[in-house]
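Residue-level structural notes
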Amino acid sequence: QEGRVLNSPHVDRLIQSLSSFLAEGAAETRAAAKSAVTALTLATRAEGPESERALQRAITKALTEADARRVRAIIDAALASAKGPEGALLHLEDDVGPRGAGARGAGGGP
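The rules behind each value
Residues numbered from 1 in each chain as written. Predicted model: local features only at pLDDT ≥ 70, side-chain atom pairs only at ≥ 80, totals over all residues. Heavy atoms only, no water. Axes fitted to C-alpha atoms, helices over the stretch in contact; angles between N-to-C directions. Helix = DSSP H or I, 4+ residues; strand = E, 2+ residues; numbered from the N terminus. Parallel < 35°, antiparallel > 145°, perpendicular 65-115°, else oblique. Left-handed = near helix turned anticlockwise from the far one by under 90°. Contact = heavy atoms within 4.5 Å. Nonpolar A, V, L, I, M, F, W, Y, C, P; charged D, E, K, R; others polar. Buried < 20%, exposed > 50% of the residue type's maximum accessible area, 1.4 Å probe, protein only. Expected span 1.5 Å × (residues − 1). Arc of directions from axis to C-beta.

Interaxial distance between helix H1 (residues 11-22) and helix H3 (residues 49-62) falls to 9 Å at its minimum, and their mutual angle equals 70°. Classified by the angle between their axes, H1 and H3 sit roughly perpendicular to one another. When you trace H1 past H3, the crossing you get is right-handed. Where H1 approaches H3, its residues Asp-12, Ile-15 and Gln-16 are matched on the opposing element by Leu-55, Ala-58, Ile-59, Lys-61 and Ala-62. Residue composition of the contact of H1 with H3, grouped by class: five nonpolar, one polar and two charged.

Set out below in structure tokens:
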């Protein structure tokens with residue numbers, strides 16, 4: 001069963017839109033699309049392996065092979081950067097909110 005993240009009839013259109021934004025001329029647009037793909041990746045990772053497989057299936061269904069490779073490269077980078085020094089995945093809650101105001105830093109201390 002797919003998780004909540006991909007449980008939308010519009011997920012194919014979302015993936016197509018993000019892919020087209022990754023090819024935009026404006027750096028800000030490309031950066032925002034990359035951030036959105038990263039967030040989608042980490043959210044599906046948090047939901048479990050079936051959601052990760054569902055994301056891969058949706059990418060394959062919605063995009064051309066070249067566009068799918070570009071999106072998967074961002075996914076690979078997101079997963080690599082989400083790993084801590086020992087290779088364990090970091091907790092998503094640690095990075096929530098504005099810089100320095102995450103779940104641990106909201107009170108001003110670690």
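Continuing now.
All right, on to the environment of Asp-67 then. Among the structural elements, Asp-67 can be located in helix H4 (residues 65-81). Owing to a relative accessible area of 23%, Asp-67 belongs among the partly exposed residues under this scheme. Along the chain, Asp-67 and Ser-19 lie 48 residues apart, while their C-alpha atoms are 6.5 Å from each other.

Take H4 next. The end-to-end C-alpha separation of H4 is 24 Å, in line with the 24 Å expected for 17 residues at 1.5 Å each. Along H4, the residues that are buried comprise Ala-68, Val-71, Ile-74, Ile-75, Ala-78 and Leu-79. End-on view of H4: buried residues confined to an arc of 135°, all on one side of the axis. Of the exposed residues in H4, the ones pointing more than 90 degrees away from its buried face are Glu-65, Arg-69, Asp-76, Ala-80 and Ser-81. Elements in contact with the buried residues of H4: H1, helix H2 (27-47) and H3.

Nothing here speaks to function; it is geometry throughout.
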